[in-house]
Amino acid sequence: MLTFKNYNIADWFSFYRIAAAPLLIVLLILNERNLFSWFLLISYCTDAIDGFIARKLQITSPRGSQLDSFGDQITFTLGLIGILIFEYDFIKTNYVLIIISFSPYLIQMLIAFIKYGKATAFHTYLAKLSAIVQSAFILWLLFFEPIYWLFYVMILIGILETIEEITLIFMYDNWVAGVKGIYWAIKDKRRNKKT
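Keep in mind the model is a prediction, meaning the values are calculated, not measured.

Parameters at a glance
Residues numbered from 1 in each chain as written. Predicted model: local features only at pLDDT ≥ 70, side-chain atom pairs only at ≥ 80, totals over all residues. Heavy atoms only, no water. Axes fitted to C-alpha atoms, helices over the stretch in contact; angles between N-to-C directions. Helix = DSSP H or I, 4+ residues; strand = E, 2+ residues; numbered from the N terminus. Parallel < 35°, antiparallel > 145°, perpendicular 65-115°, else oblique. Left-handed = near helix turned anticlockwise from the far one by under 90°. Contact = heavy atoms within 4.5 Å. Nonpolar A, V, L, I, M, F, W, Y, C, P; charged D, E, K, R; others polar. Salt bridge = Lys/Arg side-chain N within 4 Å of Asp/Glu carboxyl O. Buried < 20%, exposed > 50% of the residue type's maximum accessible area, 1.4 Å probe, protein only. Phe/Tyr/Trp six-rings, centres within 6.5 Å; stacked < 30°, edge-to-face > 60°. Core = buried A, V, L, I, M, F, W, Y, C linked by side-chain atoms within 4.5 Å.

**Student:** Sorry if this is basic, but what is going on with the packing of helix 3 (residues 62-86) against helix 5 (residues 125-143) here?
**Tutor:** Describing two packed helices takes the angle between their axes plus the distance from one axis to the other. Where helix 3 meets helix 5, the axes come as close as 10 Å, and the angle between the chain directions of the two elements is 30 degrees. Looking at the two axes, helix 3 sits roughly parallel to helix 5. Crossing handedness for the pair helix 3 and helix 5: left-handed. Contact with helix 3, carried on its side by Phe76, Gly79, Gly82, Ile83 and Phe86, involves Gln134, Ile138, Leu141 and Leu142 of helix 5 and no other residues of that element. Here the contact of helix 3 with helix 5 is built from residues that sort into six nonpolar, three polar and no charged.

Here you go:
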C-alpha cells in the first residue's frame, strides 16, 4: 500500500509545487503581483532542486518523474496566467506568436493522453533547457520588463522541444520516464519491450 512515508525528499519538493498552486491562485485573485512573483520563483527553484537531489541520491523513479512533470505543468500554467493578468498588454501585442508557439504543445499533450492515458515524463535535455529559459523569461517579465530576444529564444526552444517530445511518443509504444533525447532513445532497450 502506498503511503506518504513511501515518498522521498525529491518527491516532496515536487509536492511543494503542487501544494503551492492554491496560494498562487489566491495571490492572482488578490492582484498581489510582487508576492505572486516571489512564490513563483520559489516554485521554480524547487523544480531545479528536486531533480538534482533525485540524481545525486540515486532515488529517481517513474513516480517521481510523473510528480515532477505534474508540478512543472501546474507551475508553468500559473506563470502564464500571471503574465496574462499582470502583463496583459504584452500578451495582447504578441498573442499570435504565443498561440503559434503553444499549439504544438497542446497537440503533444493530446497525443500523449490518447496513447498513454497520461502526460509524458521524458525529461529530455531539451525539455530541461526549455524550462530554464521559460522560467527566466517569465520571472524577468514579472519582476522587471520583457526581454524580447529571450522571448524569441524561449519560443524557438519550446517548439523544438515539443517536436522532440512528439517524436519520442511515436518511438515508445509504452509510457517511460527519463529519456534524455532522440539520440538516446534510439539506443534505449525499453523501446522494444512490450507490457
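Still more to cover.
**Student:** Hey, could you run me through the pattern of salt bridges in this one?
**Tutor:** Where charged atoms from two side chains of opposite charge approach closely, those side chains can pair. Evaluated as defined, the whole model comprises five salt bridges. Its salt-bridge partner being Arg17, residue Asp68 comes within 2.5 Å of it at the nearest N-O pair. Of this pair, Asp68 sits in helix 3 while Arg17 sits in helix 1 (residues 9-29), and the two are 51 residues apart along the sequence. Across the pair, exposure class does not vary: Asp68 and Arg17 are buried alike. Arg190 is the partner of Asp188 in a salt bridge, and the nearest nitrogen-oxygen pair spans 2.9 Å. Under the relative-accessibility criterion, Asp188 is labelled buried at 16%. Taking the relative accessible area as the measure of exposure, Arg190 reaches 30% and is therefore partly exposed. Residues participating in the shared-partner salt-bridge network are Arg17, Asp47, Asp68 and Asp72.

**Student:** What is the right way to read the packing of aromatic side chains from this model?
**Tutor:** How two aromatic rings sit relative to each other is given by the distance of their centres and the angle of their planes. Taken as a whole, this structure holds 16 aromatic pairs when the rule is applied. Seen in terms of ring centroids, Phe137 and Phe151 are 5.4 Å apart; in terms of plane orientation they differ by 35 degrees. Their pairing is tilted. With Phe137 in helix 5 and Phe151 in helix 6 (residues 148-171), this residue pair connects regions lying 14 residues apart in the sequence. On the basis of an interplanar angle of 45 degrees and a centroid distance of 4.5 Å, the ring pair of Trp140 and Phe144 is categorised as tilted.

**Student:** Would you mind showing me how to read the environment of Leu141 here?
**Tutor:** As for its position among the elements, Leu141 is in helix 5. Along the primary structure Leu141 and Ile83 are separated by 58 residues, whereas in three dimensions their C-alpha atoms are 7.8 Å apart. Excluding residues within four positions of it along the chain, Leu141 makes contact with Arg33, Ile83, Glu87, Phe90 and Pro146.

**Student:** Where do I start with unusual backbone geometry in this structure?
**Tutor:** Negative phi is the rule for most residues except glycine; trans is the rule for most peptide bonds. Even without glycine at this site, Asn31 takes up a positive phi of about 60 degrees. With respect to the element layout, Asn31 can be found in the loop between helix 1 and helix 2 (33-56). On the basis of relative accessible area, Asn31 is assigned to the exposed category, the value being 53%. Positive phi values are uncommon outside glycine, yet His123 reaches one of about 55 degrees.

**Student:** Honestly, the environment of Met109 in this entry has me stumped. Any pointers?
**Tutor:** Positionally, Met109 belongs in helix 4 (residues 88-116). In this structure, the C-alpha to C-alpha distance between Met109 and Ile98, residues eleven residues apart in sequence, is 17 Å.

**Student:** I'm lost on the nonpolar core in this one. Help?
**Tutor:** Note that soluble globular proteins tend to have their nonpolar side chains buried in a common cluster. Within the largest apolar cluster, 26 residues are counted, with the highest numbers of intra-cluster contacts made by Phe36, Leu40, Phe137 and Ile138. Ranked by the residues each element gives to this core, the list is headed by helix 5, at six residues. Those residues in contact with Ile138 that lie beyond four places of it in its chain are Leu40, Tyr44, Phe76, Gly79 and Ile83. If you look at the next biggest cluster of nonpolar residues, it comprises 13 residues, including Ala112, Ala121, Phe122 and Ala185.

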